[in-house]
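Residue-level structure breakdown
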Amino acid sequence: MASLIGFYSLSFGVFTSLIITFFSVKNFKSSKIIDNRILYFSFLQFFLVLISFLGLVISFINSDFSNETVFNNSHTTKPLFYKITGTWGNHEGSLLLWLLVLTLFAVIFIFKSKRQPIRYRILTLLFQQIIIFGFFIFVLKTSSPFNYIYPIPNEGLGLNPILQDPALAIHPPILYLGYVGSSIIFSSTLSAVVLNYISKEWAAHIKIWVLISWIFLTLGILLGSIWAYYELGWGGFWFWDPVENVSLMPWLALTTLIHCILVLEKRSILNSWVVILSISTFTLSMCGTFLVRSGILNSVHTFANDPERGLFILIFLFSLIFLSIFIFFFFYKKNSKENYTLFFLSKETSIVINNWFMMYFLSVILIGTIYPIFLEVISSERISVGPPFYNKLIAPFLIPFLFFMAIGPQLKWIKSDIENKIYLILLFIISILLSLIIARNLNLEFLLNTLIIVFSFYLFFITLRNFLTKKYKNLSQNLAHFGFSLLILSIIFNNILATEIITNLKVGETFESKKYKINFETLSKKNNQNYQSFVGKLIIENSEGLTEVMNPELRIYNQPNISTSEADIKTGLFADKFMTMNIVQNQEYFNIRYQNKPFMIWIWFSVLLITTGGLISLFKKKYEN
Amino acid sequence: MRIKFLSTLISLLFLIFFLVLFKGLKNPNIYTPSIIYEKKIPNFRSQLFDSTAEINSDEIFIDDKFYLLNIWSSWCVPCRYEHEFLINLKKEQNLKIVGLNYKDNIDNAKNYLEELSNPYDILISDKNGLIAIEWGAYGVPETFLIHEKKILKKIIGPISYDLMNEIIELTNL
């Protein structure tokens, strides 16, 4: 019943899309005031998609297995929370969620853009409607969440256990808010280009959308990363998996866009940067959807392997790209001010320099992600691009990047001198000395690592000093940069200082090395709602005689019948202790993997600091007032 | 003039992108990490294809022979493509082909085998897809070459002419 209502509600939604397009075109030709019907129908559209989405959620809650999506992804013994989140834990449901957010944002845009020119508002809504229409057709044609199956099965196939995790339950919605927010930026930029409205006023208005998308995208990536760390049990937080990369690419574009928008708002320059970045952010988000949903890449996230879906997104994506190219080349007029000269010592120069670095990082990731596809198609050779590629190409360029991040905010707009020279030099010397001491104590062999540490510390100290001297001025920027320096430092120390022990043990045995002694004490069995678990009790003793009890767990889920290994993670302020246990086939031995991972919590914390920086900026009326 | 040139160039560039990705869609699942498959095969119990009797994996994979476990389904289009190669492989003396019928309707599956002929020596069914999960399969079709209860090779997607020859070579070593 609920899924029937959902289906009809979704189908009616398509018609509202056509109606809105019709009224928008009519209104655009002759307009003094915005046609209220556009507003009503946009709201109706949102309402219809919402009903449809709720219909699916209710089907999931009631375990209505006559619905194919529910049958494929749910099970009666699943806890209620995961029944609900299972709604978007699959291809069909997640696309419906995407559509829901798209229509919601269109409605919010209408309310939030009241002070903008009418033709601009209508045109933006028109572009947005094109995207919404595309997604409507995509959902209905290739991935309808409301397919009916008969005879009705008694039991569903169950949600993949690795997706049954609180962080992952909210990861897709948050990430989608970020992705979809960029659709508004895309539509708005295209319409501003057509109407030649790329200006300070426009920048001030669209900045809010950029910031909101950026905040959600950052949080979404953070949650995904936390999930990978706690649930996948590989002991890492970032694997350069293609699907992680496709979320990082729009993030890089968006981060660059934030900086450019600020320059545009302040100085009316960098218009082309803003336009191209706005377009690429959304295109990259769509590109991500394509790569993930088409099955062209193999990764932990590939759910669907239906070429028809891939084809649809591919055509849709490239239609949008060609539309943007057309609009950019035929409507975009260069601002007369755009032939600006940048003085080498100014805030905008350092922003532009770092923009280029960001574009470089973006290209590296883009190439690493799609080059294997190209090679396969052209020469049918298969390669896989792994972390060493990204680390080698990105790490060295972090050094100048960090430097300009530290120096840039100390400069003034247009033209400036270096003030407080003594402090800048003094802090630099302190950073070098500190890094040298660290490098000596840790026996660092890589010059590169030491240099990154030097410049991270430099950024760290400079931002720290700004907190003290400038107080609330530029707080958001300073906080974000401070967070970034902390992030790089945590990642680097995490990499350098991590230790790992892999061994096979059976109950009662003890493993000894120079640093640790691991004793496998007991193994106990527990029954839970939809899985059985085996919990090990292991005692770790380090060289100083401190002991810690670890309880890694093996879970065997009933539906689908998958066993997962739940890492036991003891989070500490300075280091995480991480242990996983796996069955060795047909033996009484267990494979025990113990890792000591320093500063893990600082990685999450520094990303939160960066996000907070964005959040503060959102609540400030104007940049650098 | 300059703008025209630039716009054509960029459009062309994206067109090439489009064509490559379009072509890439035709052979999905291209990213297979090169792991050496000396992994032991999982133990499982499954129902025989045309009866309700159950069989243990130990009874299927008896030591010294080569086995090809092929995951197939009547609804799977690429399976039809690889069918002729499976028929060819059936002629191999020391290779037995085990068909794992994946999430299928039994009548459709029978029709499928009647229409294209049956290349399988042993047929088992995997109604709800759990056995495929135990094997770590990504989708249908997927094929595992097994010797002495170890996986020698894993093929994601349909078997091609080259892959067929490779299998023949491996079994005749």
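Residues numbered from 1 in each chain as written. Chains lettered and ligands numbered in written order. Predicted model: local features only at pLDDT ≥ 70, side-chain atom pairs only at ≥ 80, totals over all residues.

**A short note on the overall build of chain A**
Going by this rule: Helical segments are the DSSP runs of H or I of at least four residues, strand segments are the runs of E of at least two, and each set is numbered from the N terminus. This radius of gyration counts C-alpha atoms alone. The globule rule is 2.2 Å times how many residues there are, raised to the power 0.38. Note on contacts: each residue gets a C-beta atom placed from the backbone, and two residues are in contact if those atoms are within 7 Å.
Counting secondary structure elements, chain A contains 17 helices and ten strands. Its C-alpha radius of gyration of 26 Å places chain A within 12% of the 25 Å reference for a compact globule of 625 residues. Considered along the principal axes of its C-alpha atoms, chain A spans approximately 85 × 80 × 50 Å. Sequence-distant contacts in chain A: of pairs separated by 6 or more residues, those separated by 24 or more amount to 73%.

**Points about the overall build of chain B**
Rules: Think of it as a crowd count around each C-beta: if 20 or more other C-beta atoms lie within 10 Å the residue is buried, if 12 or fewer it is exposed, and in between it is partly exposed, with C-beta placed from the backbone throughout.
For chain B, the count of helices and strands is six helices and seven strands. Listing every helix and strand of chain B by position from the N terminus yields α-β-β-α-β-α-β-α-β-α-β-β-α. Taken over C-alpha atoms, the radius of gyration comes to 20 Å for chain B, far larger than the 16 Å a tight globule of 173 residues would show. Along the three orthogonal principal directions, the C-alpha set of chain B runs to about 75 × 40 × 30 Å. Relative to its 173 residues, chain B shows a buried fraction of 31%. Of the contacts made within chain B by residues no fewer than 6 positions apart, 75% connect residues no fewer than 24 positions apart.

**Comments concerning the pairing of strand 1 (residues 45–48) of chain B**
All names here are of chain B. Rule in force here: Only strands joined by at least two bridges in the DSSP assignment are considered to pair.
In this sheet, strand 2 (residues 54–56) lies alongside strand 1 in antiparallel orientation, the contact comprising three bridges. Counted as the bridge partner of Arg45 is Asn56 from strand 2. Where strand 1 hands over to strand 2, the hairpin turn is made up of five residues, counted between the paired strands. Where strand 1 lies against strand 5 (residues 122–126), two bridges are found, and the strand directions are antiparallel. Considered in strand 5, the bridge of Gln47 is made with Ser125.

**Concerning the sheet that holds strand 7 (residues 150–156) of chain B**
Residues and elements named next belong to chain B. To keep it simple, the criterion reads: The axes used here are C-alpha line fits, helices contributing only the stretch in contact, and every angle between their N-to-C directions lies in the interval 0 to 180 degrees.
Taken in spatial order, the seven strands of this open sheet run 2-1-5-4-3-6-7, and their pairing is mixed. In this open sheet, the two strands that pair with only one neighbour each are strand 2 and strand 7. Pairs of neighbouring strands in the sheet enclose a mean axial angle of 30°, with direction left out of account. Looking at chain direction, strand 3 (residues 66–72) and strand 6 (residues 142–147) are connected through six bridges and run antiparallel. Looking at strand 6, one finds that Asn70 is bridged to Thr143. With respect to the sheet, helix 6 (residues 161–171) is in contact with strand 3, strand 4 (95–102), strand 6 and strand 7, its orientation differing from that of strand 7 by roughly 170°.

**Observations regarding the nonpolar core**
This is how the line gets drawn: By convention in this section, buried Ala, Val, Leu, Ile, Met, Phe, Trp, Tyr and Cys residues joined through C-beta atoms within 7 Å make up a nonpolar core.
Leu99, Leu102, Val274 and Tyr458 of chain A are the most contacted members of the largest nonpolar core, which has 143 residues in total. Examining the composition of this core, we find that 19 residues originate from one element, helix 8 (residues 200–232) of chain A, more than from any other. In this structure, Leu102 of chain A is in contact with Ile131, Ile132, Phe135, Val180 and Ser183 of chain A, ignoring residues within four places of it in sequence. Ranked by size, the runner-up nonpolar core spans 29 residues in total, among them Leu69, Tyr102, Phe144 and Ile155 of chain B.

**Let's talk about the confidence of the model for chain B**
Residues and elements named next belong to chain B. The test is simple: pLDDT measures the predictor's confidence residue by residue and takes values from 0 up to 100.
Overall, the predicted model of chain B reaches an average pLDDT of 80, with 91% of residues at or above 70. In the model, residues 30–37 has pLDDT below 50 throughout and makes 16 contacts with residues more than four positions away in sequence or in other chains. Predicted complex metrics record ipTM = 0.75 and pTM = 0.79.

**Description of the domain arrangement of chain A**
All names here are of chain A. So the rule is basically this: Note that the domain bounds were set by an automatic or database domain assignment. Note on residue classes: Ala, Val, Leu, Ile, Met, Phe, Trp, Tyr, Cys and Pro are nonpolar, Asp, Glu, Lys and Arg are charged, and everything else, Gly too, is polar.
Along its sequence, chain A is carved into domain 1 (1–162), domain 2 (165–334), domain 3 (406–497) and domain 4 (500–600). Relative to domain 4, the C-alpha centre of domain 1 lies at a distance of 44 Å. With eight residues of domain 1 in contact, the opposing surface of domain 4 contributes nine residues. Split into classes, the residues belonging to the side of domain 1 that touches domain 4 amount to four nonpolar, three polar and one charged.

**Quick look at the packing of helix 8 of chain A against helix 17 (residues 600–619) of chain A**
Residue and element names in this part refer to chain A. Selection rule: Angle categories: roughly parallel below 35 degrees, roughly antiparallel above 145, roughly perpendicular from 65 to 115, and oblique for all the rest. Note on convention: near helix rotated counterclockwise from far helix by under a right angle means a left-handed crossing. Clockwise means right-handed.
Orientation of helix 8 relative to helix 17, taken along the N-to-C sense of each, is 165°, at an axis distance of 9 Å. As the angle between them shows, helix 8 and helix 17 are arranged roughly antiparallel. For the pair helix 8 and helix 17, the crossing hand works out as left-handed. Contact with helix 8, carried on its side by Ile208, Leu211, Ile212, Trp214, Ile215, Thr218, Leu219, Leu222 and Ile226, involves Trp604, Val607, Ile610, Thr611, Gly614, Leu615, Ser617 and Leu618 of helix 17 and no other residues of that element. The residue makeup of the contact of helix 8 with helix 17, split by class, is 13 nonpolar, four polar and no charged.

**A few points about the pairing of strand 4 (residues 531–542) of chain A**
Residue and element names in this part refer to chain A. Summarising the sheet, strand 3 (residues 516–527) and strand 4 pair through eleven bridges and their orientation is antiparallel. When the bridges of strand 4 are listed, Lys517 appears paired with Glu541. In sequence, strand 3 turns back onto strand 4 through a hairpin of three residues. Relative to strand 6 (residues 553–557), strand 4 runs antiparallel, the two sharing five bridges. Considered in strand 6, the bridge of Phe534 is made with Leu554. Here strand 4 folds back onto strand 5 (residues 547–550) in antiparallel fashion, the turn holding four residues, of which Gly545 has a positive phi close to 85°.

**Quick notes on the environment of Gly368 of chain A**
All names here are of chain A. Relative to the assigned elements, Gly368 resides in helix 12 (residues 347–379). The partly exposed category is assigned to Gly368, around which 19 C-beta atoms lie within 10 Å. When residues no more than four places from it in sequence are discounted, the contact partners of Gly368 are Asn245, Val385, Phe389 and Tyr390.

**Brief notes about the packing of helix 9 (residues 242–267) of chain A against helix 12 of chain A**
Between two packed helices, both the angle of their axes relative to each other and the distance between the axes serve to describe the pair. Residue and element names in this part refer to chain A. As a packed pair, helix 9 and helix 12 sit with axes 10 Å apart at the nearest point and diverge in direction by 160°. Considering their axes alone, helix 9 and helix 12 lie roughly antiparallel with respect to each other. Classified by chirality, the crossing of helix 12 by helix 9 is left-handed. Here the contact of helix 9 with helix 12 is composed, by residue class, of 14 nonpolar, seven polar and two charged.

**What to know about the sheet that holds strand 9 (residues 575–583) of chain A**
Residues and elements named next belong to chain A. The four strands are arranged 1-10-9-8 in an open sheet whose pairing can be described as antiparallel. Looking at strand neighbours, the two that pair on one side only are strand 1 (499–505) and strand 8 (568–571), the edges of this open sheet. With direction set aside, neighbouring strand axes in the sheet form an average angle of 10°. Sheet topology note: the strand 8/strand 9 ladder contains four bridges and is antiparallel. Looking across to strand 9, one finds that Asp568 is bridged to Met579.

**Let's talk about unusual backbone geometry**
Positive phi is not limited to glycine here, since Leu270 of chain A has a value of about 65°. Using a count of 25 C-beta atoms within 10 Å as the deciding quantity, one classes Leu270 of chain A as buried. The backbone of Ser117 of chain B sits at a positive phi, close to 75°, despite the residue not being glycine. Relative to the elements of secondary structure, Ser117 of chain B occurs in the loop between helix 4 (106–116) and strand 5.

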